[in-house]
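Okay, here's what each chain looks like letter by letter:
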Amino acid sequence: MGKVKNISGCVAVANGVRLADVDVICSYPIRPYTGIMSELARMVADGELDAEFVHGEGEHAQLSVVYGASAAGARVFTGSSGVGVTYAFEVYSPISGERLPVQMAIADRTLDPPGDFGSEHTDAECCRDQGWIQGWASTPQEALDNTLIFYRVGEDPRVLLPQFACLDGYFVSHILGPVDIPEPEQVKEFLPPYKNHHVLDPRKPQIIGPQIEPAMGPPLQYQRYQVMKNVFKVLEEACDDFARIFGRRYDPYMEEYYTGDAEVVIFGQGAHMETVKAVVKRLRNLGEKVGAVRLRTFRPFPTEQVKERLSRFKAVGVLDNSSNFGISGGGGVLLSEVRTALYDFGDKVKTVGFVAGLGGEVITHDEFYRMFQKLKEIAKTGKVEKTAYWLPFEL
């Protein structure tokens, strides 16, 4: 065991990056993720971390810097929030297409509708189809641990894909929590040095990112499709090794809370699911058969695991902390994903969406009580009158 400190999610991520012994970091300030780079800059300045720290002139440049550095064989790190994430959009697909295991921390922020800088998952979910591994932490401890786990999975020769290590802006990035900071020797056992076998080297000239013929694109797309499926096995192995070395076991895909005999559950990801736990515990004390299921891995979406876990409940409420205007079902991305996963079960499992916490609003206990009340009503009647509710306006 390492040292336990009470630190924020931003500082926890920075410690994860330090322990990963990265070679190149590229920053550009935008809140709330800025705290990660501030701490990393301090670590480099104080000699705690030997890395090249580069300031980009914007988020597009940030990603371009780590793109090149990763191609040259470096372990790299960058990050952003909100509109900064979308400003770099052009570079995401080339990085995953080149199979470069870049890691980017995203401390989620809304996309200014306009002038709102609060927390939402919309920024990261906009990038969900770019071929990056993606998952959410719900605590500072998990934010540090995910940093290490994601590097390990992304750099595995069977995968070689970049990663979005997501954490809720403010609710995790700026909230203090007890964090067990591992010893460097433990991390070295879990995360060996990165070895790029196709290093960009002037002594052995090669072209990276050339113009290609249209017929050459589909094989590359298919290759990304195939290696994304490899993530499942590698992730499971990584979580097993993580538990053995650090003593903390994470389910690769989902965390369940009071689900043993539950009839209805709320399914979601990120920090708001910690609030759900408090509500579940209160309702359990009142004799209610309720529970919670927190998604840890969003890309690749664990369809088979979701199908297996959620098919045993009468009603599933899907919490979306993002805005997806005009999406099927009227909820959010998670609702659409869950309904697709459960399609083969027909009406056996009732699903309903809850869009809540937009713009950084706290999702209150009272709102979660209302969600559970709606789920109990659906489980009892077997009727879903409305596929999704926007809170606090419609429920």
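Calculation rules
Residues numbered from 1 in each chain as written. Predicted model: local features only at pLDDT ≥ 70, side-chain atom pairs only at ≥ 80, totals over all residues. Heavy atoms only, no water. Helix = DSSP H or I, 4+ residues; strand = E, 2+ residues; numbered from the N terminus. Buried < 20%, exposed > 50% of the residue type's maximum accessible area, 1.4 Å probe, protein only. Contact = heavy atoms within 4.5 Å. Areas by Shrake-Rupley, 256 points an atom, 1.4 Å probe, with all protein chains shown as cover. Lys, Arg positive; Asp, Glu negative; His and termini not counted. Charge placed at Lys NZ, Arg CZ, Asp CG, Glu CD. Pairing = 2+ DSSP bridges. Axes fitted to C-alpha atoms, helices over the stretch in contact; angles between N-to-C directions. Core = buried A, V, L, I, M, F, W, Y, C linked by side-chain atoms within 4.5 Å. Domains from an automatic or database assignment. Salt bridge = Lys/Arg side-chain N within 4 Å of Asp/Glu carboxyl O. Polar contact = N/O pair within 3.5 Å; in protein donor to acceptor, adjacent residues only side chain to side chain.

- As recorded by an unreviewed UniProt entry, the protein chain carries the name Pyruvate flavodoxin/ferredoxin oxidoreductase domain protein and is attributed to Thermosediminibacter oceani.

**Things to note about the overall build of the protein chain**
Inference 1: In terms of regular secondary structure, the protein chain is built from 13 helices and 15 strands.
Inference 2: Each of the three principal axes of the protein chain carries a C-alpha extent, and together these read 70 × 55 × 45 Å.
Inference 3: With 395 residues in all, the protein chain has 56% of them scored as buried.
Inference 4: Long-range contacts, defined here as pairs at least 24 residues apart, represent 81% of the contacts in the protein chain between residues at least 6 apart.
Inference 5: Per element, the accessible surface of the protein chain, about 16,700 Å² overall, is 53% carbon and sulfur.
Inference 6: Here the protein chain contributes 42 positively and 52 negatively charged side chains, and the mean placements of these two sets differ by 6 Å.

**Let's talk about the sheet that holds strand E6 (residues 133–137)**
Inference 1: Here we have seven strands laid out as an open sheet, ordered E3-E2-E4-E5-E7-E6-E12, and mixed in their pairing. A strand with exactly one partner marks an edge of an open sheet, and here the two such strands are strand E3 (52–55) and strand E12 (297–299). Between one strand axis and the next, the sheet turns through 20° on average, direction left out of account.
Inference 2: In terms of strand pairing, strand E4 (residues 76–80) meets strand E5 (residues 103–108) through four bridges, oriented parallel. Across the sheet, the residue bridging to Thr 78 is Met 104, located in E5.
Inference 3: Lying over the sheet, helix H7 (residues 140–155) contacts E4, E5, E6 and strand E7 (163–168), oriented at roughly 165° with respect to E6.

**Observations concerning the nonpolar core**
Nonpolar side chains in soluble globular proteins generally cluster together in the buried interior.
Inference 1: The biggest cluster of nonpolar side chains holds 98 residues, and the ones touching the most others in it are Leu 40, Phe 77, Phe 267 and Leu 310.
Inference 2: In terms of residues, this core owes the most to one element, helix H9 (residues 217–246), which gives ten residues.
Inference 3: Both domains that meet at this core, namely domain 1 (3–246) and domain 2 (254–390), each give it at least three residues.
Inference 4: In terms of nonpolar packing, the next biggest core, distinct from the first, is built from 22 residues, Val 264, Val 290, Val 352 and Met 371 among them.

**Thoughts on the sheet that holds strand E11 (residues 290–295)**
Each strand in a sheet pairs with another by means of backbone hydrogen bonds, the pair being arranged parallel or else antiparallel.
Inference 1: Pairing within the open sheet is mixed, and its six strands lie in the order E9-E11-E10-E13-E14-E15. Whereas interior strands pair on both sides, the edge strands pair on one side only; in this sheet they are strand E9 (254–257) and strand E15 (388–390). The sheet shows a mean angle of 20° between the axes of neighbouring strands, direction not considered.
Inference 2: With six bridges joining them, strand E13 (residues 315–320) and strand E14 (residues 350–355) adopt parallel strand pairing. From the neighbouring strand, Ala 315 faces E14, where its bridge partner is Lys 350.
Inference 3: Relative to E11, helix H10 (residues 272–285) is tilted by about 165°, and along the sheet it contacts E9, strand E10 (264–268), E11 and E13.
Inference 4: Sitting on the sheet, helix H11 (residues 303–310) is in contact with E9, E10, E11 and E13, with an inclination near 10° to E9.

**What to know about the side chain of Glu 367**
Inference 1: Here Glu 367 lies in helix H13 (residues 365–381).
Inference 2: An unpaired buried charge is present at Glu 367: no salt bridge exists, and Arg 370, the closest side chain of opposite charge, is 4.3 Å distant.
Inference 3: Of the polar contacts made by the side chain of Glu 367, one reaches the backbone nitrogen of Thr 364; its length is 3.1 Å.
Inference 4: When neighbours within four sequence positions are excluded, Glu 367 is seen to be in contact with Val 362, Leu 391 and Pro 392.

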